[in-house]
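Structure at a glance
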Amino acid sequence: MTRWWQIGVDELGRILKTDVQSGLTEQEAKRRLSEHGPNQLREKKGKHPFFLFLDQFRDFMIWVLIGAALVSGFLREWVDTVAILVIVLLNAIMGFIQTYRAEKSLAALKRMSNPSSKVIRDGRRMMIPSADLVPGDLVEIEAGDNVPADCRISWHSANFAVQEASLTGESEAVEKKSEAILKEDLPLGDRINMAFMGTSVVAGKARAVILSTGMSTELGRIADMIQAIPQETTPLQRKLEQFGKWLVLLCFGLVGLVFLMEWLRGGRLIEIFLTSVSLAVAAIPEGLPAVVTIALALGVQRMVRRNALIRKLPSVETLGCATVISSDKTGTLTKNEMTVQFLYAGGRTYRVTGIGYEPDGEIQLDAETVRDLGGHAALQQTLLCGVLCNGARLVRAESQMTVAGDPTEGALLTAAAKAGMHKEETDADFPFADEIPFDSDRKRMTVLRHEGTGVTAFVKGAPDAVFPACTRILIDDTVRDMTDADREALRAANDRFGNEAMRVLAFARREMGKAQGPHTADGTERDLTFLGLAAMIDPPREEAKKAIAACRTAGIRTVMITGDHRSTAVAIATHLGFFDGDSKALTGEELDRLDEQTFRNQVRSVSVYARVSPEHKLRIVRAWRSHGEVTAMTGDGVNDAPAVKEADIGVAMGITGTDVTKEVSDMIVTDDNFASIVSAVEEGRGIYDNIKKFIHFLLSCNAGEILVMFLASLAGMPVPLLPIHILWMNLVTDGLPALALGVDPPDRNLMRQPPRPSDEPVMTRSHALRILLQGAMLAACSLAAFVFVLFVEGEGIQRARTAAFIVISVSQLFHAFNCRNQRESLFTIGVFSNPKLVLAVLVSFGLQIAVVTIPFLQRVFKTASLTLIDWGMIVLLSTLPLWLMEAVKWAQRRREGKISAKAA
């Protein structure tokens, strides 16, 4: 790779065979355009929407459901057929929409390119489409322009600065220069004589020579990385796919066994076939994909109310098993609003309260509020200098204070406003006279103001640039000569603030008398009177600190990945509580020196990454994933997009996020708040918990239905349930309570538990055994009713089947309450704490009573009227599963309590 930053401007012209004053000729530009191609991001050809739609039918469970629909049609159960096909179609449509939206990321990247550019060819300035730019072209860029391609600065005005946050993650605009930088390896953010496609000019103007265009630019490399990352299925999708195959094979095995036993007993082949097929349709929980989709969709609605917008439904569940959150710093963990936190003036350190640009807060000395600046002359003059030597303005927009201009200068205005000093009034009292702009060599800025009958120069800049120019100092109300002890105290204060990763500015002034302009830096910025220091930082979000603590309790690791400097990143991470004595911080340069295996071995100990490039972010995410961790990556800039797409769950910022990052993300945080991600994690855990609840409910009910048929056949009894009974229970009795379990309130201990392993199956052996036992319990209750009516009472088969039908249906409704929690008593969590479940059970119960009491429905469902004794038996057997499970839970809690007592 050519190190363009090391090359001088004249040498650059020779290498690129261009004139750095008059640019390329038109003829040469055309030749290069045909050689290098247009300055555009190339979009990989995607699948046709029709094939994207067909892809939604590749799931094994979907084909099983289609087969179930065909069988239902063969049985002339048209309601069942239509219901299953509608479920399949809705799932396909939703999956298609999600996939189609995810493929629009390259279009967003292309929109970031400037449509036209100012170029110099044949010595003439002209406007051409940015797509026609070629390497060697000489372009002009100024404040408000997007940089059209990667280029090397050849000339610039004073104060030329480019905002590169979208590419490097660094929050402050970067002042550019044209001189060569004689360093071997430089991170993207330190190449200050270069500008990159997709960034924007915020101040000044410049001329630059194009180095690379289109896919050869840094932005193009990011586009390549996004395209190279394959779409992966989520843990939930993988588990349901695996679970579905296992379940179908098991069900078909049991149904085949029932068919064989009935055939050996001499049953009519057509009746055995219809019963077996009905049992097969019932055994497969065709409502499972629909309930999963509905549970996820309702979870999405709840998350919107908590400032999290989900773009891909399965990602809700993925959040619930996240073990690592790799977060950008600026605007995510911090406010992205520079804030003055300390002022040093007159030998005293003042604390400034409040965060952001809102002038809510106060200035304190020794925890006492400074209410009158009259007794604090050095403080008053420091704040005055910060307001007068300032080109920014505070603007209120939609009830929120923002800064128009440089964020650092906005922070100074806010600090002064907290002391009652406002820019408009102060500017009026001290009219503008002249200005000496900031430049990177002097590291100072001076504004001259009319004060009384003379002119005063107000100077601000880097402490190491202001200190040497000061010969006097303001202490209390007295100006005196600066001593060595004063200089040592100033250096100590500056170091103290710097060690906390704060940005420090120094302030000074000089009375110029009636001196007239023009004013030069050499003639003005000398013999200054030192006033004070202001220490500022982009402060951490306090809510982020609480959210990170919640993550720690929940077993989730927080990692910061930023383009900012190491000292700043470590200070923020320490304040937020995820960097301690055992933590490591790596820069992008240090990361480059580590081979893949060494880095993977170290990744668990690194909490902060600083000065990193897009490739580094991608490498970090992949290193975590190589350990089997489920990673969430948050970000807002273009630089974050590849890692956001690669992560198990990509989280984009809604306010500061670029279109590119939003398009490749799984979730958008609408308030740019890290705390909203933790809320989403809690919702994700709750949703997965609910998915497990209704899977448990559906399968235990289905197991009960299969076991009723299997045990009756094994005992040589008549078939207790008809095909229409089984299909009715599958659609009505099981369906509504399962949906209600999908919106069960989350367990209060969810965020006190570690993340579940991402490879944990939906169904463990102990879980499957519990389902089988509970299914056997439901089957036993139904068979008891069947035996009681048929053999004890000596009634006909139709009435016995009616009793078995209603007992298994109603016992399943009571069992829905059991499934809310496998450990806690229903009466502890509250019978009515899920009103939707109560309503679903009541509606299902009403429908069930209707099919066994209304004459018309009795003929359809082949049911008979029951006696009072029958109803008494039905009430006893139907409620029995609830009381049995309450007893089991009580025994389990008691056993756990004894184990805990022994351990203590």
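**Focus: the overall build of the chain**
- Looking only at helices and strands, the chain has 34 helices and 30 strands in total.
- Taking the contacts inside the chain whose residues are at least 6 apart along the sequence as the reference set, 71% of them involve residues at least 24 apart.
- Here the chain displays about 38200 Å² of accessible surface, and carbon together with sulfur accounts for 57% of that area.

**Description of the environment of Val 843**
- When you line up the elements, Val 843 lands in helix α32 (residues 835-853).
- Sequence separation between Val 843 and Val 732 is 111 residues; the distance between their C-alpha atoms is 9.4 Å.

**Remarks on the packing of helix α29 (residues 765-792) against helix α30 (residues 797-818)**
- Relative orientation of the contacting elements α29 and α30 amounts to 150°, with a least axis distance of 8 Å. Between α29 and α30, the angle is such that the two are roughly antiparallel. The two elements α29 and α30 meet at a crossing, and its hand is right-handed. Of the residues in α30, those touching α29 at Gln 774, Met 777, Leu 778, Cys 781, Ser 782, Ala 785, Phe 786, Val 789 and Leu 790 are Ile 797, Arg 799, Ala 800, Arg 801, Ala 803, Ala 804, Val 807, Ile 808, Ser 811, Gln 812 and His 815.

**Things to note about the sheet that holds strand β11 (residues 324-327)**
- Read from one edge to the other, the open sheet built from 8 strands follows the order β10-β30-β29-β28-β11-β25-β27-β26, with strand pairing classed as mixed. Across the chains shown, the open sheet's two edge strands, defined by having one partner strand only, are β10 (308-310) and β26 (584-587). Put simply, the sheet's adjacent strands are angled 20° from each other on average, direction ignored.
- Relative to strand β30 (residues 667-669), strand β29 (residues 649-653) is paired through 3 bridges, and the arrangement is parallel. Within β30, the position partnered with Val 651 by the bridge is Met 667.

**Quick notes on the pattern of salt bridges**
- Going through the model one piece at a time under the given rule, you end up with 45 salt bridges.
- With a shortest N-O distance of 3.2 Å, Asp 427 and Arg 449 are connected by a salt bridge. Pair noted here: Asp 427 is in helix α15 (residues 423-429) and Arg 449 is in strand β19 (residues 444-451), with a separation of 22 residues, a long-range link.
- When its relative accessible area of 23% is taken as the criterion, Asp 427 is described as partly exposed.
- In this structure Arg 449 comes out as buried when scored by relative accessible area, which is 5%.
- A salt bridge links Glu 511 to Arg 509, with the shortest nitrogen-to-oxygen separation between them at 2.8 Å.
- What makes Arg 509 buried here is its relative accessible area of 7%.
- When salt bridges with common partners are traced through the structure, they connect Glu 28, Arg 31, Arg 32 and Glu 35 into a single cluster.

**Focus: unusual backbone geometry**
- Even without being a glycine, Asp 122 presents a positive backbone phi close to 55°.
- By relative accessible area, which is 40% here, Asp 122 ends up partly exposed.
- Even without a glycine there, the phi angle at Lys 443 is positive, about 60°.
- With respect to the helices and strands, Lys 443 occurs in the loop between β18 (432-439) and β19.

**Some words on the confidence of the model for the chain**
- Counting all residues, the mean pLDDT for the chain is 84, and 87% of those residues have values of 70 or more.
- Here residues 105-110 is modelled with pLDDT under 50, and outside its nearest four sequence neighbours on either side it reaches 21 contacts, counting other chains as well.

**Here we look at the pairing of strand β17 (residues 400-404)**
- Here strand β16 (residues 393-397) pairs with β17 via 5 bridges, running antiparallel. Among the inter-strand pairings, Ala 397 is bridged to a residue of β17, identified as Gln 400.
- Turn length for the β16-β17 hairpin, with the two strands adjacent in sequence and antiparallel, is 2 residues, and the turn residue Glu 398 shows positive phi of about 55°.

**Section: the sheet that holds strand β8 (residues 200-203)**
- Spatial ordering of the open sheet is given by β6-β5-β8, a layout of 3 strands whose pairing is antiparallel. Strand pairing shows two members of the sheet lacking a second neighbour, β6 (174-175) and β8, which therefore form its edges.
- Sheet analysis places strand β5 (residues 161-163) next to β6, joined by 2 bridges and oriented antiparallel. Pairing of Val 162 across the sheet is with Val 174, part of β6.

**Describing the packing of aromatic side chains**
- Considering all chains together, one arrives at 5 aromatic pairs under this definition.
- An angle of 85° between the planes, with centres 6.5 Å apart, marks the rings of Phe 430 and Phe 458 as edge-to-face. Here Phe 458 lies in strand β20 (residues 454-461) and Phe 430 lies in the loop between α15 and β18, a separation of 28 residues in the sequence.
- Of the residues examined, Phe 430 reaches a relative accessible area of 15% and is grouped as buried.
- Between Phe 827 and Trp 883, the aromatic rings sit 6.3 Å apart at their centres with planes inclined by 10°, giving stacked as the arrangement. Of this pair, Phe 827 sits in helix α31 (residues 826-829) while Trp 883 sits in helix α34 (residues 868-903); the two residues are 56 residues apart in sequence, bridging distant segments of the chain.
- Overall, Trp 883 belongs to the partly exposed group, its relative accessible area being 48%.
- Arg 496 extends its terminal NZ or CZ atom over the ring of Phe 497, reaching a point 5.2 Å from the ring centre.
- Across the ring face of Tyr 688, the terminal group of Arg 756 is positioned such that the distance to the ring centre comes to 3.4 Å.

**Concerning helix α26 (residues 674-714)**
- If you check α26, its first and last C-alpha atoms are 59 Å apart, about what 41 residues at 1.5 Å a residue would give, namely 60 Å.
- Buried residues dominate α26, accounting for 35 of its 41 residues.
- Of the residues one or two after α26, Gly 716 is the one with positive phi, at around 75°.

**Topic: the state of the cysteines**
- Under the definition given, this model contains 0 disulfides.
- Between Cys 389, a cysteine without a disulfide, and Cys 385, which holds the nearest cysteine sulfur, the sulfur-to-sulfur distance is 5.5 Å.
- Take Cys 389: its relative accessible area is 0%, and that puts it in the buried class.

**Overview of the nonpolar core**
- Counting residues in hydrophobic clusters, the biggest one holds 88 residues, and the most contacted among them are Phe 530, Val 608, Met 667 and Phe 674.
- It is α26 that contributes the most residues to this core, 14 residues altogether.
- Grouped together as the second largest cluster of nonpolar side chains are 37 residues, Leu 343, Leu 384, Met 401 and Phe 507 included.

Calculation rules
- Residues numbered from 1 in each chain as written.
- Predicted model: local features only at pLDDT ≥ 70, side-chain atom pairs only at ≥ 80, totals over all residues.
- Heavy atoms only, no water.
- Helix = DSSP H or I, 4+ residues; strand = E, 2+ residues; numbered from the N terminus.
- Contact = heavy atoms within 4.5 Å.
- Areas by Shrake-Rupley, 256 points an atom, 1.4 Å probe, with all protein chains shown as cover.
- Axes fitted to C-alpha atoms, helices over the stretch in contact; angles between N-to-C directions.
- Parallel < 35°, antiparallel > 145°, perpendicular 65-115°, else oblique.
- Left-handed = near helix turned anticlockwise from the far one by under 90°.
- Pairing = 2+ DSSP bridges.
- Salt bridge = Lys/Arg side-chain N within 4 Å of Asp/Glu carboxyl O.
- Buried < 20%, exposed > 50% of the residue type's maximum accessible area, 1.4 Å probe, protein only.
- pLDDT = per-residue confidence, 0-100.
- Phe/Tyr/Trp six-rings, centres within 6.5 Å; stacked < 30°, edge-to-face > 60°.
- Lys NZ or Arg CZ within 6 Å of the ring centre and 35° of its normal.
- Expected span 1.5 Å × (residues − 1).
- Disulfide = S-S within 2.5 Å.
- Core = buried A, V, L, I, M, F, W, Y, C linked by side-chain atoms within 4.5 Å.

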